[in-house]
Each structure stands twice: as C-alpha cells, then as structure tokens.
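# Fold and geometry: a report
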Amino acid sequence: MGADAALLLLADSRLPAGGHAHSGGVEEAVRLGAVTGTGDLARFLRGRLATAGLVAAALAAAACELAAAGDPADDPADDPADGVELWRQLDAEADARAASPAQREAARTQGRLLLRTARRMWPSAALDTLARAVPEGPHHPVALGAAGASAGCTPRQAALAAAYTSVTGPATAAVRLLGLDPVTVHRLLADLAPALDDAAHAACASLGDAARQGRWHALPGHSAPALDLLAEGHLTNPMKLFVS
C-alpha cells in the first residue's frame, strides 16, 4: 500500500480503533461552559494542537522511526530484548508527558485498540514487539507511529496523522455536543492546516541524534494543565457521551 493511502486510513475516524469515543476534553469543556460555540472551539483546538497535539506528533514520529529501524529479532547478532526495552522507554516518555492519570488511561485505551487493529491490517515484527513490550497497551501516539511505519509511512506522515487526530476528534465531538454546523467546524479545521504542517515539521525536527539512539528526553513536553483538569473532572462525571 502506498504511504499516502495508508496515511489516509490511519487518520480516518472510521478506522475501528475507538477514536470516535474520545472527545479530547471537549465534552467536559462544554459541560463547564468553557466551550459554547465556534469561537471558543477554535481557540480550544488551536491550544490543544500547540500542546498535546505537538507532543503526540513528536512521539508518533519517534515511534515511526524506531519501528522503521527494524526489529533486533531480525538480526541474530542483536538481542531481541533490546527492541522490547526501547519500546518500553519510548512509552515511558509518553507516560511522563501525561500528568493526568485519566489522560494516561484514555491514551492507553486508544493505543491498545489501535495496535490490535494495526496488527491485523499491517502485520509486522515491530508491532508484535511493541505488543510484547507494553501488554497493557501503549500510549496512542506510540501505537500510531508504529502502525504508520508498518504501513509504509514516514515519521513526518505519522506526526501529521497524530497532529490531525488531536484536533479532529474534539471538533467532531463538539458538533455532536453543541449541535454546531459541521461545515463551519470543518472550516475551523481547514484554517488549522498550516499549523498542522508546522506541528509535523517541529515534531520531526525534535528527532535529533539522541532520539535516534533511543534517548527521547529532548522530545517536546508542552504541558496543558487545563486539559489535565478537564480529563480528571470528566472521569468522575457519571453522565457523559465520550470516554475522555
């Protein structure tokens, strides 16, 4: 499959990987009155892209690069345990960048579902190793990057998919929650196109020599405290349409 076509599949909300069940914080923001219309939503999406979206894009790019490097199990001279440890380290970097336990739980739920789907669509040694390394489910951007590499995508394409899904999930959730005009909301997404490209470029620029050697501490860690608070509040809300 061509990389461009694979990228479209990965970014498609209809991919059976649970993405439709995640509002990206919009449901709780709507409940609290922080997002009431398209103006609020536009600011929410731009802020989410600049923080959580950029972090997810960088993690996806790093995972794609790691998966594309090959599985140590393929080379008799290498120790297969090295590949497992590298995936655990990258997933731990994702964990460290998610301050909210609710955010971490949601990310692992999405990642587990995506990994399961990707192993059926694009079987690869890298996906198998990731599943062994993080049996509870890797963070979603880690799974997304590994799936992208298995489908033939580049790190930049994986980063773009991660950045894209970081805003399209909340946007479509807002349409359902507030009854907004879908065309108007998609105009907001169209306006974000240059910022999406910039996020993917910045994500790949963060993949320096240290990251290529399995040291990812220099990847961006832009915090979004408001999203963390929204996630924690949403977790305890008994009446909700989305799981995050």
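The coordinates are above.
Residues numbered from 1 in each chain as written. Predicted model: local features only at pLDDT ≥ 70, side-chain atom pairs only at ≥ 80, totals over all residues. Heavy atoms only, no water.

## Comments concerning the pattern of salt bridges
Following the criterion strictly, the structure yields 10 salt bridges and no others. In this structure, R104 and D95 form a salt bridge, with 4.0 Å as the shortest nitrogen-oxygen distance. Note that D197 and R156 form a salt bridge whose closest N and O atoms lie 3.2 Å from each other. Of the two residues, D197 sits in helix α10 (residues 193-205) while R156 sits in helix α8 (residues 155-178), which places them 41 residues apart along the sequence. Relative accessible area serves as the criterion here: at 37%, D197 is assigned to the partly exposed category. (Salt bridge = Lys/Arg side-chain N within 4 Å of Asp/Glu carboxyl O. Helix = DSSP H or I, 4+ residues; strand = E, 2+ residues; numbered from the N terminus. Buried < 20%, exposed > 50% of the residue type's maximum accessible area, 1.4 Å probe, protein only.)

## Side note on the environment of A6
Positionally, A6 belongs in helix α1 (residues 3-11). It is 10 Å that separates the C-alpha atoms of A6 and M121, two residues lying 115 residues apart in sequence.

## Some details on helix α5 (residues 101-121)
The terminal C-alpha atoms of α5 lie 30 Å apart, and with 21 residues this matches the ideal 30 Å at 1.5 Å per residue to within 8%. Sitting at the head of α5, S100 places a side-chain oxygen 3.2 Å from the backbone nitrogen of A102. (Expected span 1.5 Å × (residues − 1). Polar contact = N/O pair within 3.5 Å; in protein donor to acceptor, adjacent residues only side chain to side chain.)

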